[in-house]
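Reading the structure
So you can see what is in the structure, the chains are spelled out below.
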Amino acid sequence: MRTLQLFEGFTLILENKKQEKKDKKWIKKAIKNPGALHQALDVPEDETIPMTKIDAKIDYLHNKIDRTKKETKLLRRLNLAKTLKGKKWMKKGIKGGDK
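Small disclaimer: the values here were computed from a predicted structure and weren't measured.

Thresholds, definitions, all that
Residues numbered from 1 in each chain as written. Predicted model: local features only at pLDDT ≥ 70, side-chain atom pairs only at ≥ 80, totals over all residues. Heavy atoms only, no water. Helix = DSSP H or I, 4+ residues; strand = E, 2+ residues; numbered from the N terminus. Buried < 20%, exposed > 50% of the residue type's maximum accessible area, 1.4 Å probe, protein only. Core = buried A, V, L, I, M, F, W, Y, C linked by side-chain atoms within 4.5 Å. Contact = heavy atoms within 4.5 Å. pLDDT = per-residue confidence, 0-100. Expected span 1.5 Å × (residues − 1). Patch = residues over 30% accessible without salt bridge, like charges linked within 9 Å, V, L, I, M, F, W, Y side chains within 5 Å. Areas by Shrake-Rupley, 256 points an atom, 1.4 Å probe, with all protein chains shown as cover. Salt bridge = Lys/Arg side-chain N within 4 Å of Asp/Glu carboxyl O. Lys, Arg positive; Asp, Glu negative; His and termini not counted. Charge placed at Lys NZ, Arg CZ, Asp CG, Glu CD. Arc of directions from axis to C-beta.

**Overview of the environment of Pro34**
- When you line up the elements, Pro34 lands in the loop between helix H2 (26-30) and helix H3 (36-40).
- For Pro34, a relative accessible area of 67% puts it in the exposed group.

**Considerations on the nonpolar core**
- Ranked by size, the top nonpolar core spans 11 residues in total: Leu37, Leu41, Val43, Ile49, Ile54, Ile58, Leu61, Leu74, Leu75, Leu78 and Ala81.
- Listing elements by their share of this core, those giving two or more residues are helix H4 (51-63) and helix H5 (69-85).
- With 4 residues, the single largest contributor to this core is H5.
- Beyond its immediate sequence surroundings of up to four residues, Leu41 is in contact with Ile49, Lys53, Lys57 and Leu78.

**Here we look at the confidence of the model for the protein**
- Confidence along the protein averages 77 in pLDDT terms, with 63% of residues attaining 70 or more.
- Considering each helix and strand of the protein separately, the mean pLDDT is smallest for helix H6 (residues 88-92), with a value of 58, and largest for H4, with 93.

**Section: H5**
- Taking 1.5 Å as the rise per residue, H5 with 17 residues should run 24 Å; its terminal C-alpha atoms sit 24 Å apart, in good agreement.
- Looking at H5, one finds that the buried residues are Glu71, Leu74, Leu75, Leu78, Ala81 and Leu84.

**Side note on a positive patch on the surface**
- A cluster of basic residues, Lys32, Lys69, Lys73 and Arg76, forms a positive patch on the protein surface.
- Among the secondary structure elements, Lys69 is positioned in helix H5.
- Owing to a relative accessible area of 75%, Lys69 belongs among the exposed residues under this scheme.

**Remarks on H4**
- In this model H4 runs 18 Å from its N-terminal to its C-terminal C-alpha over 13 residues, within 8% of the 18 Å that 1.5 Å per residue would give.
- Residues of H4 that are buried: Ile54, Ile58 and Leu61. Around the axis of H4, the buried residues are gathered within 70° of arc, so they sit on the same side. Of the exposed residues in H4, the ones pointing more than 90 degrees away from its buried face are Thr52 and Asn63.
- Each element contacted by the buried residues of H4 is listed here: H5.

Here it is as structure tokens:
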């Protein structure tokens, strides 16, 4: 019985492919409380949050010296929203993040 000898990098290639499949769903995992940002910014959920409001709140929280845990979480949500608004698939109106 013969065994196939694999080159050393083969297992790394397989592990990288598995990691890429997991990374495709990072957006779904990152959004744990849908609508929380709308509620924090007092924007109705059926409307989109204006980028000016996001930028203003980010600037305010960055300049603040002592932030509470809630404010830190809000800052993270704002940065994620800003990142997702800049994605091409969001501009096209495609939902889900698979593309």
